Amino acid sequence: MKIEFKKADLVPTMAKVGAFIGSLAEQKDYVLEIKPKPKRRSLDANAYMWALIGKLQAELAKNDPQITKDEIYRGYVRQYGRSVEYQLPDTAVEAMTKSWGRNGLGWTAEKVDDGIYPRTSLVRFYYGTSCYGTKRMARLIDAVVQDCKALGIETMPPAELAQLMSAWEERKQ
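Note that the structure is a prediction, hence the values are computed from the model and not measured.

What to know about the packing of aromatic side chains
- Counted under the stated rule, the structure contains seven aromatic pairs.
- Ring centres of W100 and Y127 lie 5.1 Å apart, and the angle between their planes is 75°; on these two criteria the pair is classed as edge-to-face. You can see W100 sitting in helix α4 (residues 90–101) and its partner Y127 sitting in the loop between β3 (120–126) and α5 (134–150), a full 27 residues away along the chain.
- For W100, a relative accessible area of 16% corresponds to the buried category.

Pasting the structure below:
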């Protein structure tokens, strides 16, 4: 059982916990854990990243009309994000990469090498920004900002960006 609550809602929460505990089997041992709810990344930081990616796309489309914001975003996820590699049977690669991709836009996978065993492949799975922590997202946004500056695209002043990331850090704690 998982219950999310604020301290102000303690009495109704305790009633739920008490009812649940009353329904447990007598012969078993249990663990009750209470911990702070982790903060998600700031939607403001996410919106800023997407606004910059939109500006990048408009600038890059002058030379490559086919480039999309999604393609640019996935490139940043691959370069600055988190990934994990698994060795899979060749017959499972397509199904696993499709399944992984259903998690969201940045959740991509690619075959990076043949596996060490016959008929296997080494596949790298990238996590989308929806599960990034503050430091990883700040690093990704900084890379987007630097690319924008290199192309002469206006970005948020450094002091404002620092304030945005600081607010995000506070919300994460």
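Quick notes on the side chain of S121
- Among the structural elements, S121 can be located in strand β3.
- The class for S121 is buried, based on a relative accessible area of 2%.
- Separated by 3.5 Å, the side chains of S121 and K111 make a polar contact.
- Residue contacts for S121: discarding those within four places in its chain leaves Y86, Q87, L88, D90, V93, K111, D113, D114 and G115.

Looking at the sheet that holds strand β1 (residues 83–89)
- Reading across from one edge, β1-β3-β2 is the order of the three strands in this open sheet, with antiparallel pairing throughout. On the outer flanks of this sheet lie β1 and β2 (109–114), each paired with one strand and no other. Strand-to-strand twist of the sheet, defined as the mean angle between neighbouring strand axes without regard to direction, takes the value 30°.
- Here seven bridges tie β1 to β3, and the two strands are oriented antiparallel to one another. Bridging across to β3, V84 finds its partner in F125.

What counts, and at which threshold
- Residues numbered from 1 in each chain as written.
- Predicted model: local features only at pLDDT ≥ 70, side-chain atom pairs only at ≥ 80, totals over all residues.
- Heavy atoms only, no water.
- Phe/Tyr/Trp six-rings, centres within 6.5 Å; stacked < 30°, edge-to-face > 60°.
- Helix = DSSP H or I, 4+ residues; strand = E, 2+ residues; numbered from the N terminus.
- Buried < 20%, exposed > 50% of the residue type's maximum accessible area, 1.4 Å probe, protein only.
- Polar contact = N/O pair within 3.5 Å; in protein donor to acceptor, adjacent residues only side chain to side chain.
- Contact = heavy atoms within 4.5 Å.
- Pairing = 2+ DSSP bridges.
- Axes fitted to C-alpha atoms, helices over the stretch in contact; angles between N-to-C directions.

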